[in-house]
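Next come the chains, spelled out residue by residue.
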Amino acid sequence: MAKALTVIGLGNMGGSMVKGLLKSPLKDQHPLKVFDLHPDIKDQFAEMETCQGVEDLSLLGKDGECLIFCVKPHDLKSLAETLRGKIDPDCLVLSILAGVRIETIQEELDFQGGVVRAMPNIAATIGEAATAMCCNANCSKDQKELAERVFQAVGEAYWTKESLMDTVTGLSGSGPAYIYMVIEALTDGGVKMGLPRSLSQNLATQTVLGAAALVKHTGQHPAILKDQVTTPAGTTISALHELEERGLRSMFVSAVEKATDRSRFLGESR
Ligand SMILES: NC(=O)C1=CN([C@@H]2O[C@H](COP(=O)(O)OP(=O)(O)OC[C@H]3O[C@@H](n4cnc5c(N)ncnc54)[C@H](O)[C@@H]3O)[C@@H](O)[C@H]2O)C=CC1
Ligand SMILES: O=C(O)[C@@H]1CCC=N1
């Protein structure tokens, strides 16, 4: 029997995971179940009509199912209280909680089975997430494969070591927010210089999408592609000079550093 995937916590990211999974072939291979403390949340998503709503959380964790924890880090304690000692050892616990270490999850749940700590991002909604994950030694080969299939269903997925997960959170977990700010700011720049807002936003969005796609498809260093845009004495170099003077690169490096530190803090302050 195919193992059920149960998403627990249907907020921004749990909702994103469910929407992404429902668009993927995985939805035909595994029963998809959902649970939130607020049962009416499920009804707000028309897409979730086909998902089975879980009535009683304490009945979960049977038949080798995969529980996908998508609650806030500070809500883990109360969630774990309900599930403590009740999850069968052949189940897979998959957590996307920022900062929360595998060891903490095992302790809170009193669970010695397979645990995967993953960090996807909000682009899971459309199957474009970037996810990195790590697992404990108790994770079987099949469970690792299942975790891979879950996150590949909503984008790209990579294995890494747990000591790098806070950095992943600071880069790609939080990253979409940085890029939304860039798109918003570029749009404002266009508006300031006279473009209608909708045209400006469309141009800014497609520019970010196209530039990223070119890096990905050519595999070239971004600096080489940047130089191809930059005509001597042209327009681009004037803008790049301004960005360098104002410390754009340094700001992004510091942003990732700050978010990484915050993720570490969330893990330590439990
Ligand atoms: N928002 C994002 O872009 C990303 C978030 N994450 C992680 O995902 C987790 C959730 O973040 P968001 O979705 O932004 O938060 P959110 O606040 O939007 O959603 C959390 C949901 O969990 C529910 N919940 C709380 N306690 C519960 C319990 N005991 N049982 C069942 N449901 C419960 C809440 O009702 C709420 O719907 C966090 O741990 C965060 O670190 C990871 C990657 C990206
Ligand atoms: O801001 C946060 O804490 C979460 C984790 C990564 C993205 N959002």
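Residues numbered from 1 in each chain as written. Chains lettered and ligands numbered in written order. Predicted model: local features only at pLDDT ≥ 70, side-chain atom pairs only at ≥ 80, totals over all residues. Heavy atoms only, no water.

- Per an unreviewed UniProt entry, the recorded name for the protein chain is Pyrroline-5-carboxylate reductase, and the organism is Pseudobacteriovorax antillogorgiicola.
- The record held by UniProt for the protein chain lists under Sequence similarities (unreviewed entry) the comment "Belongs to the pyrroline-5-carboxylate reductase family."
- Entered under Function (unreviewed entry) in the UniProt record, the comment concerning the protein chain runs "Catalyzes the reduction of 1-pyrroline-5-carboxylate (PCA) to L-proline." (UniProt positions renumbered as here; feature names shortened; annotations may be inferred.)

1. Quick word on the overall build of the protein chain
Here comes step 1: Within the protein chain one finds eleven helices and eight strands.
Here comes step 2: Looking at the protein chain residue by residue over its 270 residues, the buried ones come to 42%.
Here comes step 3: Long-range contacts, defined as pairs at least 24 residues apart, comprise 67% of the intrachain contacts of the protein chain with a sequence gap of at least 6.
Here comes step 4: When the accessible area of the protein chain is evaluated, it comes to approximately 15,100 Å², of which 58% is carbon and sulfur surface.
Here comes step 5: Separation of charge centres in the protein chain, based on 27 positive and 34 negative side chains, amounts to 3 Å. (Helix = DSSP H or I, 4+ residues; strand = E, 2+ residues; numbered from the N terminus. Buried < 20%, exposed > 50% of the residue type's maximum accessible area, 1.4 Å probe, protein only. Contact = heavy atoms within 4.5 Å. Areas by Shrake-Rupley, 256 points an atom, 1.4 Å probe, with all protein chains shown as cover. Lys, Arg positive; Asp, Glu negative; His and termini not counted. Charge placed at Lys NZ, Arg CZ, Asp CG, Glu CD.)

2. Structural notes on the site of ligand 1
Here comes step 1: Taken together, the neighbourhood of ligand 1 is formed by 24 residues, with Asn-12, Met-13, Asp-36, Val-71 and Ala-98 sitting nearest.
Here comes step 2: Between ligand 1 and the protein, one listed contact pairs an oxygen atom with a backbone N or O atom of Asn-12 at 2.9 Å.
Here comes step 3: Alone, ligand 1 offers 830 Å² of accessible surface; in the complex the protein occludes 84% of this.
Here comes step 4: If you map ligand 1 onto the pockets, it falls in the second largest pocket.
Here comes step 5: Class assignment of the residues belonging to the shell around ligand 1 gives a composition of 16 nonpolar, five polar and three charged. (Near = heavy atom within 4 Å. Polar contact = N/O pair within 3.5 Å; in protein donor to acceptor, adjacent residues only side chain to side chain. 1 Å grid on protein atoms, 1.4 Å probe; cavity = no way out; pocket = protein on both sides within 12 Å on 5 of 7 lines; lining within 4 Å. Sits in = over half its atoms within 2 Å of the grid points. Nonpolar A, V, L, I, M, F, W, Y, C, P; charged D, E, K, R; others polar.)

3. Points about the pairing of strand β6 (residues 114–119)
Here comes step 1: β6 sits mainly inside the fold: six of its six residues count as buried.
Here comes step 2: Side chains Gly-114, Val-116 and Ala-118 of β6 all project onto a buried face; the interleaved residues Val-115, Arg-117 and Met-119 project onto the opposite face, where all are buried too.
Here comes step 3: The sheet contact formed by strand β5 (residues 92–95) and β6 spans four bridges and is parallel. When the sheet's bridge partners are listed, Leu-94 is paired in β6 with Val-116.
Here comes step 4: Where the polypeptide runs from β5 across helix α4 (residues 102–109) and back to β6, its parallel neighbour, the crossover connection is right-handed.
Here comes step 5: In terms of strand pairing, β6 meets strand β7 (residues 129–135) through four bridges, oriented antiparallel. The residue bridging Met-119 from the neighbouring strand is Ala-132, located in β7. (Pairing = 2+ DSSP bridges. Right-handed = clockwise from strand over helix to strand, strands pointing away.)

4. Brief notes about the site of ligand 2
Here comes step 1: With respect to spatial proximity, the complete set of residues near ligand 2 consists of Ala-98, Gly-173 and Ser-174.
Here comes step 2: Its free accessible area being 250 Å², ligand 2 has 44% of it covered by the protein chains.
Here comes step 3: The pocket occupied by ligand 2, as judged from atoms lying within 2 Å of grid points, is the second largest pocket.

5. Here we look at the UniProt feature "domain: Pyrroline-5-carboxylate reductase catalytic N-terminal" (unreviewed entry) in the protein chain
Here comes step 1: The UniProt record marks residues 6–99 with the feature "domain: Pyrroline-5-carboxylate reductase catalytic N-terminal" (unreviewed entry), using the residue numbering of this structure.
Here comes step 2: Within residues 6–99, the helical portion is 24% and the strand portion 18%, while the C-alpha atoms at the span's ends are 21 Å from each other.

6. With respect to the layout of surface pockets
Here comes step 1: One number sums up the size of the second largest pocket: a volume of about 840 Å³.
Here comes step 2: What lines the second largest pocket is a set of 35 residues, and nearest its centre among them are Met-13, Cys-70, Val-71, Lys-72 and Pro-73.
Here comes step 3: If you list the elements that add at least two residues to the lining of the second largest pocket, you get α1 (12–22), α3 (76–83), α6 (165–173) and α11 (248–268). (Points joined across faces, edges and corners; volume = space filled by probe spheres on them.)

7. Remarks on the environment of Asp-188
Here comes step 1: Its location among the elements puts Asp-188 in helix α7 (residues 175–192).
Here comes step 2: Taking the C-alpha atoms as reference points, Asp-188 and Ala-204, 16 residues apart in sequence, are found 9.5 Å from one another.

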